[in-house]
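Coordinate analysis (summary)
Chain by chain, the residues run as shown.
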Amino acid sequence: MASDRRTLLADAALDVLADEGMRGLTHRAVDRRASLPPGTTSAYFRTRAALLTALVTHLVRLDQAELQATAERLPPLRTVDELVDGMVLLTRQRLTGEGRRRSLARHACAVESVRDQELREILVPRENAGRDAVRLFLSERGVTDVENRTHTLLTCVDGLVFDRLVNGGDVPREALDGLVAAALR
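Described in the following lines is the structure provided in the data block. (Residues numbered from 1 in each chain as written. Predicted model: local features only at pLDDT ≥ 70, side-chain atom pairs only at ≥ 80, totals over all residues. Heavy atoms only, no water.)

1. Section: the overall build of the chain
Quick note on the threshold: To qualify as a helix, a DSSP run of H or I must reach at least 4 residues; to qualify as a strand, a run of E must reach at least 2; elements of each kind are numbered from the N terminus. To sort residues, take the accessible area from a 1.4 Å probe on protein chains only and compare it with the maximum for the residue type: under 20% means buried, over 50% means exposed, and anything in between is partly exposed. For this analysis, residues touch if any pair of their heavy atoms sits within 4.5 Å. All accessible-area figures derive from a Shrake-Rupley calculation using a 1.4 Å probe, and residue coverage is judged against the displayed protein chains alone. Positive charges come from Lys and Arg alone, negative charges from Asp and Glu alone, with His and the N- and C-terminal ends not counted. Just so you know, the charge point we use is NZ for Lys, CZ for Arg, CG for Asp and CD for Glu.
Helices and strands together make up the secondary structure of the chain, namely ten helices and zero strands. Ordered by position in the sequence, the α and β elements of the chain form the string α-α-α-α-α-α-α-α-α-α. A total of 185 residues make up the chain; the buried ones form 41% of that total. For the chain, restricting intrachain contacts to residue pairs at least 6 apart in sequence, the fraction spanning at least 24 positions comes to 64%. When the accessible area of the chain is evaluated, it comes to approximately 9900 Å², of which 55% is carbon and sulfur surface. One way to put it: in the chain the 27 positive side-chain charges average out to a point 5 Å from where the 27 negative ones average out.

Put into structure tokens, the structure is as follows:
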């Protein structure tokens, strides 16, 4: 039961952060969002740091599951168009619905991690099926320095998502085409 309650509170914290920003993330706000009695969040996560750590750990777990599920749905990448199609799908997922809420929370936590080494370590890019697919795609095309190019490509995609979170709209396919072309040069 405690594990379920912790997950419920982490989900509520994620929602509060997405809706109200870092300043709105309080134990009381999480209690209200989770429809639990006052003091419940504090009983499970005594400090703000503990609450943030739980939220970020949960967020990374959700992101990893999404990336794994997306990679399993897609066939192996054979062409540049297929890679770009996958990135279009990922950016749409990150800009709509629950994906948008997680993106807003992720970026708020990334800024917070500048001053919090523990959060930074949790947020560090993880190995996942999506990253593996991009790495394999670039490697099969003879790209040198595959690790660096994969990291740069995916970081640029994250930057485009951030730009669209702030300014609205979708990530243009042409921008993703350009990023992939640059990674292949």
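2. Observations regarding helix α10 (residues 173–184)
Note the threshold: Multiplying 1.5 Å by the helix residue count minus one yields the expected span of that helix. Summarising the geometry, the arc corresponds to the directions from the helix axis toward the C-beta atoms.
In this model, α10 (twelve residues) spans 17 Å end to end at C-alpha, consistent with the 16 Å of a helix rising 1.5 Å per residue. If you check which residues of α10 are buried, you get Leu176, Val180 and Ala183. Buried residues in α10, looked at end-on, bunch into an arc of 60°, giving them a common side. On its buried face, α10 sits against α5 (80–95), α8 (129–140) and α9 (146–167).

3. With respect to the packing of aromatic side chains
Rules: Geometry of aromatic contacts follows a simple scheme: Phe, Tyr and Trp rings, the Trp one being its six-membered ring, pair when their centres are within 6.5 Å, and the pair is stacked under 30 degrees between planes, edge-to-face over 60, tilted otherwise. For a lysine, the NZ atom is tested; for an arginine, the CZ atom; a charge sits over a ring if that atom is within 6 Å of the ring centre and within 35 degrees of the ring normal.
Evaluation of the coordinates by the stated rule reveals zero aromatic pairs. When the ring centre of Phe137 is taken as reference, the NZ or CZ atom of Arg141 above it lies at 3.6 Å.

4. A look at the pattern of salt bridges
Our working rule: Just to be clear on terms, a salt bridge is a Lys or Arg side-chain nitrogen sitting within 4 Å of an Asp or Glu carboxyl oxygen.
The final tally for this structure, using the stated rule, is 16 salt bridges. Asp15 is the partner of Arg101 in a salt bridge, and the nearest nitrogen-oxygen pair spans 3.4 Å. In this pair, Arg101 is assigned in helix α6 (residues 97–112) and Asp15 in helix α1 (residues 2–24), connecting sequence segments 86 residues apart. Given a relative accessible area of 21%, Asp15 falls into the partly exposed group. Between Glu66 and Arg102 there is a salt bridge, with its nearest N and O atoms 3.0 Å apart. Of the two residues, Glu66 is situated in helix α4 (residues 48–73) and Arg102 in helix α6; the sequence distance between them amounts to 36 residues.

5. Quick look at unusual backbone geometry
One can expect most non-glycine residues to show negative phi and most peptide bonds to be in trans. Look at Ser35: it is not a glycine, yet its phi comes out positive at around 55°. Examined against the element boundaries, Ser35 turns out to sit in the loop between α2 (27–33) and α3 (40–44). Even without a glycine there, the phi angle at Asp145 is positive, about 55°. If you trace the backbone, Asp145 turns up in the loop between α8 and α9.

6. Description of the environment of Ala183
Inspection of the secondary structure assignment puts Ala183 in helix α10. What Ala183 contacts, discounting residues up to four positions off in sequence, is Leu138, Val143, Arg149 and Leu153.

7. Topic: the nonpolar core
What counts is decided by this rule: To qualify as a nonpolar core, a set must consist of buried Ala, Val, Leu, Ile, Met, Phe, Trp, Tyr and Cys residues joined through side-chain atoms within 4.5 Å.
Counting residues in hydrophobic clusters, the biggest one holds 24 residues, and the most contacted among them are Leu25, Val30, Leu55 and Val56. For this core, the elements supplying multiple residues, two or more each, are α1, α2, α4, α6 and α7 (117–123). Filtering out sequence-adjacent residues up to four positions away, Leu55 remains in contact with Ala13, Leu14, Leu17, Leu25 and Cys109. Core analysis: the second largest hydrophobic core is formed by 20 residues, Leu83, Leu138, Val143 and Val146 among them.

8. Quick word on the environment of Arg33
By the element assignment, Arg33 lies in helix α2. Leave out the neighbours within four places in its chain, and Arg33 touches Ala12, Asp15, Val16, Asp19, Glu20 and Arg101.

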